Amino acid sequence: MFIASKILIPFVLGLGYFLLGLYAMRVGFHRLAGEKMEKVMQRFTKTPIHSFFSGLFSTFVLQSSGAVTVLTIGMTQAGIIGFAQTVGIILGTNVGATVTTQLIALSLGDFAVPMLLIGVALWLQPKPVLRCTGLIIAGFGLIFMGIDTMKIMAKPLEQSETFRVMFLESRHSILIGLVTGMVFTALIHSGSATTAITMGLMTHQILSMETALAIVLGANIGTCATALVASIGTNTASKQVAWCHTLFNLAGALAFLPFLSSLAYVSGMLTSDPATQIAHSQTIFNLVCSLAALPFASKIAAGIEWLIPDRAKRA
């Protein structure tokens, strides 16, 4: 019971700080540039390349690939853009999501409290630009504070026989890691949080790198849950957007699953820090998948339209 409380309390507090930090950053970025996101996405979706960079930029600004996908679903539901234009956006969101992970991997825990204090001081200023900037800085501070808090649970987890057995099994079946990342991310609606928790466990060498990468790949799939829920009761184009995102992430994860050892080896050559290795691996995975698929965006769109036909058009 004592060990459980030493795990649960840091986990809940750390996750709370982390998600609150992400929300503060999202609000700050949104107020600075978020109101222009719809116009940007509408204007710069003429070609798959334009759509890709629109998705990448929007995901960085809104700090959530799920939020951008939901925005895209809303735009297709309103008839502002067609489904074919959204494939590039979806590919861009996956790359944009890695920016947050790379920032998290910087391990700026010592700056968490100063960033939080500076952020609050700026937020109290009368100028809107300073207030928004303050939210962003305070958000970063909360994120790093959350990561440091969640790291506290690593030591008692390491001493837990049940946990060790569970993750030793994961080493023999990376599918368990994939499902773990997918389910957990779907429940908390944040792939970044799942990745941050995995980084914390890797710092204490509780997980093997292959298991950690499988969890991160599962988190990529889990982020699609928000879009699937948002597509309920919408038109066919909106459902096509949600399922395109889901099927693409699922296909990418399954395609990379046999090569996790190679991915771990490449990231290990780039850095010796386990958390940064995870960040680099996620970036490599998303870049390779998105850039490989980008030339076939129109064919992917045609395939999704075949899988999920618009019966109204056929009638």
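Only a predicted model underlies this, so the values are computations on that prediction, with no experimental measurement involved. (Residues numbered from 1 in each chain as written. Predicted model: local features only at pLDDT ≥ 70, side-chain atom pairs only at ≥ 80, totals over all residues. Heavy atoms only, no water.)

Participant: Got a minute to help me understand the overall build of the chain in this structure?
Facilitator: On a plain count of helices and strands, the chain comes out with 18 helices and zero strands. Buried residues in the chain amount to 51% of all 315 residues. Long-range pairs, those at least 24 residues apart, make up 80% of the contacts in the chain with a sequence separation of at least 6. On the chain, roughly 14800 Å² of surface is accessible, and the fraction owed to carbon and sulfur atoms is 69%. (Helix = DSSP H or I, 4+ residues; strand = E, 2+ residues; numbered from the N terminus. Buried < 20%, exposed > 50% of the residue type's maximum accessible area, 1.4 Å probe, protein only. Contact = heavy atoms within 4.5 Å. Areas by Shrake-Rupley, 256 points an atom, 1.4 Å probe, with all protein chains shown as cover.)

Participant: Help me out: how do you make sense of the packing of aromatic side chains in this one?
Facilitator: Note on aromatic pairs: each is described by the distance of the centres and the angle between the planes. In this structure the tally under the stated criterion is two aromatic pairs. Seen in terms of ring centroids, Phe256 and Phe285 are 4.9 Å apart; in terms of plane orientation they differ by 90°. Their pairing is edge-to-face. Here Phe285 lies in helix 16 (residues 274–293) and Phe256 lies in helix 14 (residues 236–256), a separation of 29 residues in the sequence. Here Phe256 matches Phe285 in class, with each residue buried. Of note, Arg131 hangs over the ring of Trp123, and the distance from its end group to the ring centre comes to 4.8 Å. (Phe/Tyr/Trp six-rings, centres within 6.5 Å; stacked < 30°, edge-to-face > 60°. Lys NZ or Arg CZ within 6 Å of the ring centre and 35° of its normal.)

Participant: Where do I start with the nonpolar core in this structure?
Facilitator: Burial of nonpolar side chains together is a common tendency in soluble globular proteins. Among the nonpolar cores identified, the biggest contains 46 residues, and Leu207, Leu217, Leu260 and Ile278 are the most heavily contacted of them. Per-element accounting of this core gives the leading share, eight residues, to helix 12 (residues 209–222). With near-sequence residues (within four places) excluded, Leu260 lies in contact with Ile174, Glu210, Leu213, Ala214 and Leu217. Counting 13 residues, the second-largest nonpolar core is a separate cluster that includes Ile90, Ala227, Ala242 and Ile304. (Core = buried A, V, L, I, M, F, W, Y, C linked by side-chain atoms within 4.5 Å.)

Participant: In this structure, what is going on with helix 4 (residues 65–77)? I would like to understand it.
Facilitator: Along an α-helix, a turn takes 3.6 residues, which lines up residues three or four apart on a common side. The terminal C-alpha atoms of helix 4 lie 18 Å apart, and with 13 residues this matches the ideal 18 Å at 1.5 Å per residue to within 8%. Looking only at helix 4, the buried set comprises Ser65, Gly66, Val68, Thr69, Thr72, Ile73, Met75 and Thr76. Just past helix 4, the residue Gly79 takes up positive phi, approximately 80°. (Expected span 1.5 Å × (residues − 1).)

Participant: Help me understand the packing of helix 4 against helix 14 in this model?
Facilitator: Helix-helix packing is characterised by the crossing angle of the two axes and by the distance between the axes. Where helix 4 meets helix 14, the axes come as close as 8 Å, and the angle between the chain directions of the two elements is 155°. Considering their axes alone, helix 4 and helix 14 lie roughly antiparallel with respect to each other. The way helix 4 lies across helix 14 gives a crossing that is right-handed. In contact with Thr69, Thr72, Ile73, Thr76 and Gln77 of helix 4, helix 14 contributes Ala237, Ser238, Val241, Ala242 and His245. The residue makeup of the contact of helix 4 with helix 14, split by class, is four nonpolar, six polar and no charged. (Axes fitted to C-alpha atoms, helices over the stretch in contact; angles between N-to-C directions. Parallel < 35°, antiparallel > 145°, perpendicular 65-115°, else oblique. Left-handed = near helix turned anticlockwise from the far one by under 90°. Nonpolar A, V, L, I, M, F, W, Y, C, P; charged D, E, K, R; others polar.)

Participant: Even after reading the chapter, I still don't get helix 12, so can you show me in this structure?
Facilitator: In this model, helix 12 (14 residues) spans 20 Å end to end at C-alpha, consistent with the 20 Å of a helix rising 1.5 Å per residue. In terms of burial, helix 12 is largely enclosed, as 13 of its 14 residues are buried.

Participant: What is the right way to read a nonpolar patch on the surface from this model?
Facilitator: Taken together, the side chains of Trp243, Leu247, Leu250, Leu254, Trp306 and Leu307 present a nonpolar region at the surface, about 610 Å² in accessible area. Breaking the nonpolar patch down by element, the ones donating at least two residues are helix 14 and helix 17 (297–307). Considering every element that reaches the nonpolar patch, the biggest residue donor is helix 14, with four residues. With respect to the helices, strands and loops of the structure, Leu250 is situated in helix 14. Judged by its relative accessible area of 31%, Leu250 falls in the partly exposed class. (Patch = residues over 30% accessible without salt bridge, like charges linked within 9 Å, V, L, I, M, F, W, Y side chains within 5 Å. Salt bridge = Lys/Arg side-chain N within 4 Å of Asp/Glu carboxyl O.)

Participant: What should I look at first to understand the environment of Ser65 in this one?
Facilitator: Along the polypeptide, Ser65 turns up in helix 4. The spatial distance from the C-alpha of Ser65 to the C-alpha of Cys224 is 8.6 Å, given a sequence separation of 159 residues. The residues touching Ser65, leaving out its near neighbours within four places in the chain, are Thr59, Thr93, Ala97 and Thr223.

Participant: Explanation requested: the side chain of Gln277 in the structure shown.
Facilitator: Within the secondary structure, Gln277 is located in helix 16. Among the polar contacts made by the side chain of Gln277, one reaches the main-chain carbonyl oxygen of Thr271 at a distance of 3.0 Å. Once you skip the residues sitting within four places of it in the chain, Gln277 turns out to touch Met209, Ser267, Gly268, Thr271 and Ser272. (Polar contact = N/O pair within 3.5 Å; in protein donor to acceptor, adjacent residues only side chain to side chain.)

Participant: What should I look at first to understand the packing of helix 12 against helix 16 in this one?
Facilitator: Helix 16 packs onto helix 12 with a crossing angle of 45° between their chain directions and a minimal axis gap of 10 Å. Overall, the two elements helix 12 and helix 16 adopt an arrangement that is oblique. In terms of crossing hand, the pair formed by helix 12 and helix 16 is right-handed. Contacts from Met209, Ala212, Leu213, Val216, Leu217 and Asn220 in helix 12 reach Pro274, Gln277, Ile278, Ser281, Gln282, Phe285 and Asn286 in helix 16. Of the residues in the contact of helix 12 with helix 16, the class split is eight nonpolar, five polar and no charged.

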